[in-house]
Amino acid sequence: MDKEIGKISKGEFQGTTTDIIVAVREYNGRVGVDIREYTTSDKYTGPTKKGLRIPAERFAEFKEMINSISPNDLVADSSSPKTENHQETFKTEKPGSGNYELPDY
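Since the model is a prediction, treat every value here as computed from it, not as a measurement. Within each chain, residue numbers correspond to sequence positions counted from 1 in written order. Since the coordinates come from a predicted model, pLDDT governs what is reported: local features require at least 70, and pairs of side-chain atoms require 80 or more to be given and counted, while whole-chain, interface and lining totals use all residues. Side-chain metrics in this entry use all non-hydrogen atoms of the structure; hydrogen atoms and water are not considered.

Asks: Even after reading the chapter, I still don't get the packing of aromatic side chains, so can you show me in this structure?
Replies: Working definition: an aromatic ring pair is given by the centre-to-centre distance plus the angle between the planes. Planes of paired rings set the category: under 30 degrees apart is stacked, over 60 is edge-to-face and the rest tilted, where pairs are Phe, Tyr or Trp rings (Trp by its six-membered ring) whose centres lie within 6.5 Å. Within this structure, the stated rule accounts for one aromatic pair. Ring geometry for F59 against F62: centres 6.4 Å apart, planes inclined by 45 degrees, an arrangement best described as tilted. Highlighted residues: F59 and F62, both in helix α1 (residues 59-67), separated by three residues, approximately one helical turn. Each residue is placed in one exposure class: buried if its accessible area under a 1.4 Å probe, protein chains only, is under 20% of its type's maximum, exposed if it is over 50%, and partly exposed if it falls in between. Overall, F59 belongs to the partly exposed group, its relative accessible area being 31%. Strands are runs of DSSP state E lasting at least 2 residues, helices are runs of H or I lasting at least 4, and numbering of each runs from the N terminus.

What follows is the structure in structure tokens.
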């Protein structure tokens, strides 16, 4: 039993396209929700180790947690001190469209 629920494009970097795919899958005889990165490149196309699996029996608890997040929770608080977690950004040129930035995942 495999059912893809949705896909979010994470972007393309150095010829590798990465998507986050949410699916209901059976693994070792057990059903669960799989949230995983999938890559497409010349060398490899398929799932990566980056992801997680929510067992079917724990999905209601997971859904409740996700549904408790409000849009305001996802806005950075300007009064809080900045963290030391700096994320590099690479400048890249895309033919015909000028410069654009890619974050370092």
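Asks: Please explain the pairing of strand β3 (residues 30-40) as it appears in this structure.
Replies: The side chains of a regular strand alternate, first on one face of the sheet and then on the other. Where strand β2 (residues 16-27) lies against β3, 11 bridges are found, and the strand directions are antiparallel. Paired with E26 across the strands is V31, a residue of β3. Taking the residues between adjacent antiparallel strands as the criterion, β2 and β3 are bridged by two residues, where N28 takes a positive phi near 55 degrees. Two strands pair under a simple rule: DSSP has to find at least two bridges between them. Here β3 pairs with strand β4 (residues 45-55) via eight bridges, running antiparallel. By the bridge assignment for β4, I35 is matched with L52.

Asks: Whenever I open this one, the sheet that holds β4 confuses me. Can you help?
Replies: Sheets are built from strands paired through backbone hydrogen bonds, the pairs being either parallel or antiparallel. Reading across the sheet, the four strands line up as β1-β2-β3-β4 and stay open at both edges, with antiparallel pairing between neighbours. Pairing within the sheet leaves two strands with one partner each, and these edge strands are β1 (2-13) and β4. If you compare each strand with its neighbour and ignore which way they point, the axes differ by 20 degrees on average. Interaxial angles span 0 to 180 degrees and are taken between N-to-C directions of axes, which are lines fitted to C-alpha atoms, for helices over the stretch in contact.

Asks: Would you explain the pairing of β1 in this entry?
Replies: Of all 12 residues in β1, zero are buried, a share of ten percent or less. As paired strands, β1 and β2 are joined by 10 bridges and run antiparallel to one another. Looking across to β2, one finds that E12 is bridged to T17. In this antiparallel pair of consecutive strands, β1 and β2, the connection spans two residues, and Q14 shows a positive phi of 50 degrees.

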